[in-house]
Amino acid sequence: MLGAVNPPVFENSLFTFETAGELGEAIKNEDERYVYWRGTNPTVDLAQRKLAALERGERAKCFASGMGAIAATISSLVKAGDHVLVLGAVYGPTTQFLRYLEKFGVTHTHVDDLEGCDSAIRASTRLLYFESPSYMAYAVVDIAEVTAWARERGLVSVMDNTWSTPIFQKPLTLGVDLVVHSLSKYIGGHSDLVGGVVVGPSRLIRPLALTEYQLYGAAMSPHDAAKVIKGLRTLPVRMAAHQERGLAVAGFLAEHPAVRTVNYPGLPSHPGHAQALRQMSGFSSLFSLELDTDSRPAVAAFIDLLRYFRIGVSWGGFESLVNAPALSTEESVRATMGIPVGLVRLSVGLEPADTLIKDLGLALEGVGPLA
Ligand SMILES: Cc1ncc(COP(=O)(O)O)c(C=O)c1O
């Protein structure tokens, strides 16, 4: 508009019409027509069109958070009596949401692989949900294989692609029906935004946009949509920089004697590396490492010695972050999830790799012999 290099932000809670008939017609198609901000907004629409194009999907719907997108997507696909298969480790609140759905008669089973899917599938199973790389362990799922398995059995597949972003992985082209993202991570990229999106075919997005989007009220604001659009402009260059730093930092840690393992699919030593190369064109910079210790105080001492990795939740921003489930997750939850005490999660930001490596090296030295 007017040759503006930045599209305007439409701050309109509502849109008006010439006649009552026009309004009635717009309300019937409220997923596409501008009526009220809780349903549609031109700036949000622009972000949606960009995200759909990037993911190679027909349509996208943006939400006020990643969890807003995940909750609405799952809810739109199941009804009382249905069953959901969850493959591999997924983001904690996604599991919590599935547990919450139990009170509405929707059940779920966690499985580790396709054999697990074969044993756990029921006549009532509707949905296969997974992440690749998976949560905390960063295990790689053969996306084409599992989506073919799901399709043969009439299940809808939903995948969280937040880790890779559409720059490095396009799950819809590998057979996934719906892709969800937290936009709060790499896509936003500046730690100034919380948002989510679901992308896929119109036949699945339209009902969701008309029902769950309107009723749950987790609509994205136009201001956040403008930040998403801004994030998308630099996403490819930021992802290239994250990858370069992620590989350098993970490579350094993998060689360090105080580190048992590094769970980073970009390293050739990672068990999912070969599969990752078949379905991904690059690697982001969130990964975990296991310190050679089973002592919580030792993990805490290591983290406290870091200067450039700031302690915090979330990931995917310009700033490097560190977090450890042993210190931030309830002990029983950590143990049930099989997460080792020494596991530390790093989100490698955009600082120079040698600065980050030096920081980690000094902290590993400073903490002394690990017990
Ligand atoms: C893999 C993954 N998916 C989804 C979410 C939820 O996103 P949001 O925090 O935007 O609700 C997160 C948040 O940390 C995440 O790590």
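Please read all numbers here as calculations on a predicted model, not as lab measurements.

Caption draft 1: Seen up close, the packing of aromatic side chains. For the coordinates displayed, the defined rule picks out 10 aromatic pairs. On the numbers, 5.1 Å between centres and 55° between planes, the contact of Tyr 264 with Phe 287 is tilted. Taken together, the positions of Tyr 264 in the loop between strand E8 (259–263) and helix H11 (273–279) and Phe 287 in strand E9 (residues 286–291) put the pair 23 residues apart, joining distant regions of the chain. Each member of the pair, Tyr 264 as well as Phe 287, carries the same accessibility label: buried.

Caption draft 2: Up close: helix H8 (residues 202–210). Those residues of H8 that sit buried are Leu 204, Ile 205, Leu 208 and Ala 209. Projected down its long axis, H8 shows its buried positions confined to an angular sector of 120°, all on one face. In this fold, the buried residues of H8 make contact with strand E1 (59–63), helix H3 (66–77), strand E5 (156–160), strand E6 (178–182), strand E7 (196–200) and helix H9 (212–216).

Caption draft 3: Spotlight on the domain arrangement of the protein. The domain boundaries assigned to the protein delineate domain 1 (20–231) and domain 2 (235–366). Between the C-alpha centres of domain 1 and domain 2 the distance comes to 26 Å. On the domain 2 side, the residues contacting the 28 residues of domain 1 number 35 residues. Buried surface at the junction of domain 1 and domain 2, summed over both partners, amounts to about 2,600 Å²; 63% is from carbon and sulfur atoms. Summed over the shared surface of domain 1 and domain 2, the result is 0 salt bridges. Across the contact surface, domain 1 and domain 2 share 17 residue pairs in polar contact (both at pLDDT 80 or more). Per-element accounting of the side of domain 1 that touches domain 2 gives the leading share, 3 residues, to helix H7 (residues 165–168). Classifying every residue of the side of domain 1 that touches domain 2 by side-chain character gives 15 nonpolar, 11 polar and 2 charged.

Caption draft 4: Inspection of a positive patch on the surface at higher detail. On the surface, Arg 49, Lys 50, Lys 230 and Arg 233 cluster together to form a positively charged patch. At the level of secondary structure, the elements contributing two or more residues to the positive patch comprise helix H2 (42–55) and helix H10 (222–254). Topologically, Lys 50 is positioned in helix H2.

Caption draft 5: Broad picture of the packing of H3 against helix H4 (residues 92–100). It is at 10 Å that the axes of H3 and H4 come closest, and there the two elements cross at 35°. Here H3 and H4 pass one another in a crossing that is right-handed. Residues Met 67, Ile 70, Ala 71, Ile 74 and Ser 75 of H3 form the contact with H4, whose own contacting residues are Pro 93, Thr 94, Phe 97 and Leu 98. In terms of residue class, the contact of H3 with H4 is made up of 7 nonpolar, 2 polar and no charged.

Caption draft 6: Structural detail: the side chain of His 270. Tracing the backbone through its elements, the reader meets His 270 in the loop between E8 and H11. A polar atom in the side chain of His 270 sits 3.0 Å from the backbone oxygen of Tyr 138. At 2.9 Å, the side chain of His 270 forms a polar contact with the backbone nitrogen of Gly 272. Setting aside residues no more than four positions away along its own chain, His 270 makes contact with Ala 137, Tyr 138, Ala 139, Val 140, Asn 263, Tyr 264 and Pro 265.

Caption draft 7: Layout of the nonpolar core. Judged by nonpolar contacts, the single largest core of 103 residues is most densely connected at Leu 253, Phe 302 and Leu 346. Per-element tally for this core: the top contributor is H10, with 9 residues. Both of domain 1 (20–231) and domain 2 (235–366) provide at least three residues apiece to this core. Once residues lying within four places of it in the same chain are set aside, the contact partners of Leu 253 are Val 259, Val 262, Phe 287, Leu 289, Leu 346, Leu 360 and Leu 364.

Caption draft 8: Geometry of the site of the ligand. The environment of the ligand is made up of 14 residues, and the closest members are Gly 66, Met 67, Asp 160, Ser 184 and Lys 185. In this structure, Asp 160 approaches the ligand through a side-chain N or O atom, which is 2.6 Å from a nitrogen atom. A distance of 2.9 Å separates an oxygen atom of the ligand from a polar atom in the side chain of Ser 182. Look at the ligand: alone it shows 390 Å² of surface, and the protein chains cover 89% of it. Per-element tally for the shell around the ligand: the top contributor is H3, with 3 residues. By residue class, the composition of the shell around the ligand is 5 nonpolar, 6 polar and 3 charged.

Caption draft 9: Structural context of a negative patch on the surface. A cluster of acidic residues, Asp 112, Asp 113, Glu 115 and Glu 145, forms a negative patch on the protein surface. The topology assignment puts Asp 112 in the loop between strand E3 (107–111) and helix H5 (114–120).

Caption draft 10: A look at the side chain of His 181. Here His 181 shows up in strand E6. Judged by its relative accessible area of 2%, His 181 is buried. Here Glu 55 takes part through its side chain, which lies 2.6 Å from a polar atom of the side chain of His 181. Discounting chain neighbours no more than four positions away, the residues touching His 181 are Glu 55, Gly 66, Asn 161, Thr 162, Thr 165, Pro 166, Ile 187, Gly 195, Gly 196 and Val 197.

Definitions and limits used
- Residues numbered from 1 in each chain as written.
- Predicted model: local features only at pLDDT ≥ 70, side-chain atom pairs only at ≥ 80, totals over all residues.
- Heavy atoms only, no water.
- Phe/Tyr/Trp six-rings, centres within 6.5 Å; stacked < 30°, edge-to-face > 60°.
- Helix = DSSP H or I, 4+ residues; strand = E, 2+ residues; numbered from the N terminus.
- Buried < 20%, exposed > 50% of the residue type's maximum accessible area, 1.4 Å probe, protein only.
- Arc of directions from axis to C-beta.
- Contact = heavy atoms within 4.5 Å.
- Domains from an automatic or database assignment.
- Buried area = accessible area lost by both parts, 1.4 Å probe.
- Salt bridge = Lys/Arg side-chain N within 4 Å of Asp/Glu carboxyl O.
- Polar contact = N/O pair within 3.5 Å; in protein donor to acceptor, adjacent residues only side chain to side chain.
- Nonpolar A, V, L, I, M, F, W, Y, C, P; charged D, E, K, R; others polar.
- Patch = residues over 30% accessible without salt bridge, like charges linked within 9 Å, V, L, I, M, F, W, Y side chains within 5 Å.
- Areas by Shrake-Rupley, 256 points an atom, 1.4 Å probe, with all protein chains shown as cover.
- Lys, Arg positive; Asp, Glu negative; His and termini not counted.
- Charge placed at Lys NZ, Arg CZ, Asp CG, Glu CD.
- Axes fitted to C-alpha atoms, helices over the stretch in contact; angles between N-to-C directions.
- Left-handed = near helix turned anticlockwise from the far one by under 90°.
- Core = buried A, V, L, I, M, F, W, Y, C linked by side-chain atoms within 4.5 Å.
- Near = heavy atom within 4 Å.

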